[in-house]
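One letter stands for each residue in the lines below.
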Amino acid sequence: PTPTGGDSLDASWAPWWKARAAEGHAFAPRTRDEVMWVGDARGRAPQFIVRPLQGAFAGRTFTWPAARYCENITAAADRLAHVTGVRPLPLYRAAGGATSPRLLAAAKACGYTQVNGQPPGFLTGAAGAKEPTEPQIAQAVARVRTGDVLAVPLGAWSRQVPQVPVGLDPWIAGLKAQGFCFRTLREHPDYHEPGAAKS
């Protein structure tokens with residue numbers, strides 16, 4: 001939720017998203033309601049036990065067919081396209097990084113590849129923390145390897161303006177000091193979009 005009671009993809013944030021698009025950022029959705037995979041349900045047709053973490057049904061547990069899970073990704077992708085003005089990549093990030101081979105296959109069948117990244121919480125603040133400590137930064141930066149996908153949730157380290165990541169300069173400086181450079185997912189060899197320029 002945002003300070004205005006909406007969410008990060010509501011109309012009030014469209015100018016912010018469009019500015020990021022103008023800077024050349026690439027976008028990919030999560031599920032619209034941050035739907036956490038809990039387990040695979042039994043049966044021939046793929047079904048999944050899920051728990052939305054956001055939205056009207058937050059905290060409840062459901063059994064969804066693959067199509068319903070895909071609809072939730074597509075709803076987020078459609079909304080992301082609307083607020084950014086650009087088409088999102090055919091990728092998504094499962095809530096909490098929780099998946100199963102069956103879930104990944106179902107998402108792939110409806111056009112979405114799940115992006116693996118550093119463990120959730122890698123670049124996020126501890127509850128109540130306002131900024132990372134130097135040891136936290138050094139420890140995290142030391143774990144990064146070539147090709148890693150780093151995700152900084154909007155609102156990391158800033159609890160007052162949840163949509164704006166702040167305090168990233170020490171991370172960026174530390175990674176650059178190790179010789180890393182930065183690319184968007186559209187250039188990543190594992191998630192390369194057909195027709196996109198390779199790095």
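Look a little higher up for the structure.
The present account deals with the structure reproduced in this document. The structure displayed is predicted, hence computed values, not measured ones.

Cut-off values and rules
- Residues numbered from 1 in each chain as written.
- Predicted model: local features only at pLDDT ≥ 70, side-chain atom pairs only at ≥ 80, totals over all residues.
- Heavy atoms only, no water.
- Helix = DSSP H or I, 4+ residues; strand = E, 2+ residues; numbered from the N terminus.
- Buried < 20%, exposed > 50% of the residue type's maximum accessible area, 1.4 Å probe, protein only.
- Core = buried A, V, L, I, M, F, W, Y, C linked by side-chain atoms within 4.5 Å.
- Contact = heavy atoms within 4.5 Å.
- Axes fitted to C-alpha atoms, helices over the stretch in contact; angles between N-to-C directions.
- Left-handed = near helix turned anticlockwise from the far one by under 90°.
- Nonpolar A, V, L, I, M, F, W, Y, C, P; charged D, E, K, R; others polar.
- Pairing = 2+ DSSP bridges.
- Expected span 1.5 Å × (residues − 1).
- Arc of directions from axis to C-beta.

Time to look at the environment of Val-149. Examined against the element boundaries, Val-149 turns out to sit in the loop between helix H4 (134-142) and helix H5 (169-177). Val-149 sits 36 residues away from Leu-185 along the chain, and the two C-alpha atoms are 8.0 Å apart.

Before going further, it helps to examine unusual backbone geometry. Its identity as a non-glycine residue notwithstanding, Glu-34 has a phi of 45 degrees, on the positive side. For Glu-34, the position within the fold is in the loop between helix H1 (14-22) and strand S1 (35-40). We classify Glu-34 as partly exposed; its relative accessible area is 25%.

Counting residues in hydrophobic clusters, the biggest one holds 15 residues, and the most contacted among them are Phe-48, Val-50, Tyr-69, Ile-73, Tyr-92, Leu-103 and Tyr-112. Among the elements of the structure, S1, strand S2 (47-52), helix H2 (66-84) and helix H3 (101-109) are those that each provide at least two residues to this core. Sort the elements by how many residues they give to this core and H2 lands first, with four residues. Among residues more than four places away in sequence, those in contact with Val-50 are Val-35, Met-36, Trp-37, Val-38, Arg-60, Thr-61, Phe-62, Trp-64 and Tyr-69. Residues Leu-9, Ala-14, Ala-21 and Val-83 belong to the second largest nonpolar core, which totals nine residues.

All right, on to the packing of H2 against H3 then. Running from N to C, H2 and H3 point in directions that differ by 65 degrees, and their axes come no closer than 9 Å. For the pair H2 and H3, the sense of crossing is right-handed. Two secondary-structure elements touch here, H2 through Ala-66, Tyr-69, Cys-70 and Ile-73 and H3 through Leu-103, Ala-106 and Ala-107. Its residues assigned to classes, the contact of H2 with H3 shows seven nonpolar, no polar and no charged.

The alternating pattern of S2 places Phe-48, Val-50 and Pro-52 on a buried face, while none of Gln-47, Ile-49 and Arg-51, on the opposite face, is buried. Two elements, S1 and S2, share five bridges in a ladder whose sense is antiparallel. Residue pairing for S2: Met-36 is matched across the bridge by Arg-51. Count of turn residues in the S1/S2 antiparallel hairpin: six residues, of which Gly-43 carries a positive phi of about 130 degrees. Here S2 runs beside strand S3 (residues 62-65); their pairing, made up of four bridges, is antiparallel. Looking at the pairing, Phe-48 lines up with Trp-64 of S3.

With 19 residues, H2 extends 27 Å between its outermost C-alpha atoms, agreeing within 8% with the 27 Å of an ideal straight helix rising 1.5 Å per residue. Buried residues of H2: Ala-66, Tyr-69, Cys-70, Asn-72, Ile-73, Ala-76, Ala-77, Leu-80, Val-83 and Thr-84, and no others. The arc that holds every buried residue of H2, seen down its axis, measures 160 degrees, which confines them to one face. Those residues of H2 that are buried lie in contact with H1, S1, S2, S3, strand S4 (91-92) and H3. Trailing H2 by a residue or two, Gly-85 shows a phi angle of about 85 degrees, which is positive.

Moving on, we get to the environment of Pro-29. Along the polypeptide, Pro-29 turns up in the loop between H1 and S1. The buried category is assigned to Pro-29, whose relative accessible area is 3%. Counting along the chain gives 85 residues from Pro-29 to Gln-114, while the straight-line C-alpha distance between them is 10.0 Å. Look past the residues within four positions of Pro-29 in its chain and what remains in contact with it is Ile-73, Ala-76, Ala-77, Leu-80, Pro-88, Leu-89, Leu-91, Tyr-92 and Arg-93.

These values are about where atoms sit, not about what they do.
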